[in-house]
Amino acid sequence: MEFKNGHLLSKLATNDLHGENSPYFDGWKAYDNNPFHPTQNSNGVIQMGLAENQLSFDLVEDWIKKNPRASICTSEGVNAFKDIAIFQDYHGLTEFRKAVASFMGKVRGGRVIFDPDRIVMAGGATGANELLMFCLADPGDAFLVPSPYYPAFDRDLSWRTGVKLLPIAGESSNNFQITIQALEEAYENAQKANIKVKGLIIANPSNPLGTTMDRDTLRSLVTFINEREIHLVCDEIYAATIFRAPNFVSISEIIEEVECNRDLIHIVYSLSKDMGIPGLRVGTVYSYNDAVVNCGRKMSSFGLVSSQTQHLLASMLADEEFIKTFLTESSKRLGKRHKSFTSGLEEVGIKCLKSNAGLFCWMDLRPLLKEPTFEGEMTLWRVIINDVKLNVSPGSSFHCDEPGWFRVCIANMDDETMEIALRRIRMFVGKIKDLDSQVQNKRWHRNLTLSSPSRIYCETSLSPRMTSPHSPIPRSPLVRTRT
Ligand SMILES: Cc1ncc(COP(=O)(O)O)c(C=O)c1O
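Everything numeric in this text was worked out from a predicted model, so none of it was measured. (Residues numbered from 1 in each chain as written. Predicted model: local features only at pLDDT ≥ 70, side-chain atom pairs only at ≥ 80, totals over all residues.)

**Quick notes on unusual backbone geometry**
Serine 147 connects to proline 148 through a cis peptide bond whose omega is 0°. Within the element layout of this structure, proline 148 appears in the loop between β3 (142-146) and α7 (153-159). Of note, the bond from asparagine 204 into proline 205 is cis; its omega dihedral lies within 30 degrees of zero at 0°. In this structure, proline 205 sits in the loop between β5 (197-203) and α9 (215-228). (Helix = DSSP H or I, 4+ residues; strand = E, 2+ residues; numbered from the N terminus.)

Put into C-alpha cells, the structure is as follows:
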C-alpha cells in the first residue's frame, strides 16, 4: 500500500532513504512466500541472506540452564526482580558495563583494556551507529565509507540524521582492500563538491567481504583522519567471528601505537554477531571522546538495553571460563562451516574472496553472468532465487562497483540445510555446464532453466520494483535482511 496521504506525514516518514525500496528485498519476499523446511517444504527457498550466527546457541542455552539465578524470570532469580525492573537510568547497570568492557577486551585477545565508563548503550550496533552520527555530524555533512558496504548503513547512518554517505571505491583487483589513493580521491571529490566530510566509517571485519584490515592499513587510516581532523568510526561488530589467520586487529590497539587525537576515535560494538543474540539488541558505542560519551549517554535514552537483558548478560559475560570456551568453540565452528561451504563451491568451480572472518562468503559469480553489467547480475540473481531457490544477496545492494559478486550467509542454518543449498548450487552449475557443452555458442544464456524448460532465464516472473514488500503493515524485511 502506498502512502496516499503522504502530505499528512513528515518528509522523513515519506522519503525513500530507509533503503527498503531496493530490489534486493524481493529475495525476502520470495523466501517469506515459500520458506524452506526440511520436511514440510523441502523445495522452498533457503534463507542465505541473513547474517546470523546460529552455530553456538547450544552453548548459551546450556549456560542459561546452569545459571538460573542470572535471570529474573526464574524462581531462583526472581528475588532480584524488583531491583532490576524499576526505572534504570541511561548509565546502565555498573556490572553490565564492566562485563561488556571486559568481554570487548577478551574478544581482542586481551591486548587492550576497555574502560567501563566509556561504554554507552544502544539498541544494537544499528542504534550505536546512528547515535554516533547524531553526535558527530550535522544534516548535509558526510562520512566516507569503503565499498562494498553493509546495505543498512544507508538507513542507520543517513535516514534520520541527514548525514550523507560517500563511498570509497573498492576493486576486486586488490581484493576490495581500501587504498589511500581511493580514500584521498573520495575526500577530494567531496571537497570539490563543497560537501563537508566529518569522518570515515569502516566495518572491520567487513560485511560483506569477511576480511579484516591489517595493521598498516589501520595505521594509515588513523594518520589520514588525524591530519584532516575528521572522525574515524570503527564498526567492530564481527570482532569475534575470526576463524583463521590473520588475527583481528582492533583500532583500539592501533591508537596505542600511532600518535593521534583520540577525540576522533569511536568504536561501535554489539553482541548480535559475536554472541549470536541480535534479538536482545545489545549495542555499544565506545568513544575516546568525553563529550561524545556524555552526549551519547543522554541520547541512549532512545535505545537502552532492557535492564533484564543487562542483568542476565552481566552474569554471563563475567563468567570467564564460559566466555573462553564460547569464543574458542564459536570460531572453530565458524571455520568448519566456512571450509565445508567453500570447498563445496570449489568442486563446481565457484570461487569466493579469501576471507578470515564473518558469517558469510563473498561469492564470485562473474563467470555465470550473461553480460558483465548490473542488469546481468539482477538476471542471474532472479534465477538463483526463483529456480535454484536460494535467497542470496546481490553485490549491487552492497554498493559494489563490479557486477557478479554475491553475499551468501552460511551460519544461520544447520549442516543438513547447508548441504541441500550446496546440492542445489551444484545442480545449477552442472546444468549450465551441460548446456554449455551441448550448445557451443553458449545459447544457455537464452534458455537456461532448472525447473521448467519453457522458462526463459532473463524473464523470470518476479519484477523487482513491482513486488517489493513496501507495505508498512507486513514485517519489514530490512529488520532482518540487512544483518
Ligand atoms: C557491519 C554491521 N553493522 C551493524 C549491524 C547491525 O547490527 P545490530 O543487530 O547489532 O543492530 C550489522 C548487522 O548485520 C552489520 O553487519
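Further notes follow.
**Some thoughts on the environment of leucine 59**
Within the secondary structure, leucine 59 sits in helix α3 (residues 57-66). Given 17 C-beta atoms within a 10 Å radius, leucine 59 is considered partly exposed. Residues leucine 59 and glutamate 329, 270 residues apart in the sequence, show an inter-C-alpha distance of 9.0 Å. If we ignore the near neighbours within four places in the chain, the residues touching leucine 59 are Phe326 and Glu329. (Buried ≥ 20, exposed ≤ 12 C-beta atoms within 10 Å, placed from the backbone. Contact = placed C-beta atoms within 7 Å.)

**Topic: the pairing of strand β7 (residues 265-270)**
Most of β7 sits out of view: 6 of its 6 residues are buried. The two faces of β7 match: Ile265, Ile267 and Tyr269 on one face and His266, Val268 and Ser270 on the other face are all buried. The handedness of the strand β6 (residues 231-235) to β7 crossover, carried by helix α10 (residues 251-257), is right-handed. (Right-handed = clockwise from strand over helix to strand, strands pointing away.)

**Points about helix α6 (residues 124-136)**
Residues three or four positions apart in an α-helix share a direction because the helix packs 3.6 residues into each turn. The terminal C-alpha atoms of α6, which comprises 13 residues, lie 19 Å apart, in line with the 18 Å expected from a rise of 1.5 Å per residue. Judged by how many residues are buried, α6 sits mostly within the fold: 12 of 13 residues are covered. For α6, the full list of buried residues reads Gly124, Ala125, Thr126, Gly127, Ala128, Asn129, Glu130, Leu131, Leu132, Met133, Cys135 and Leu136. (Expected span 1.5 Å × (residues − 1).)

**Description of the packing of helix α5 (residues 94-107) against helix α12 (residues 307-318)**
Two numbers describe how α5 lies on α12: the axes approach to 8 Å, and their chain directions differ by 40°. In terms of orientation, α5 and α12 fall into the oblique class. Between α5 and α12 lies a crossing of left-handed hand. Seen from α5, the contacting residues are Glu95, Phe96, Ala99, Val100, Ser102 and Phe103; seen from α12, they are Gln310, Leu313, Ala314, Leu317 and Ala318. Tallied by class, residues from the contact of α5 with α12 come to 8 nonpolar, 2 polar and 1 charged. (Axes fitted to C-alpha atoms, helices over the stretch in contact; angles between N-to-C directions. Parallel < 35°, antiparallel > 145°, perpendicular 65-115°, else oblique. Left-handed = near helix turned anticlockwise from the far one by under 90°. Nonpolar A, V, L, I, M, F, W, Y, C, P; charged D, E, K, R; others polar.)

These figures capture arrangement, not role.
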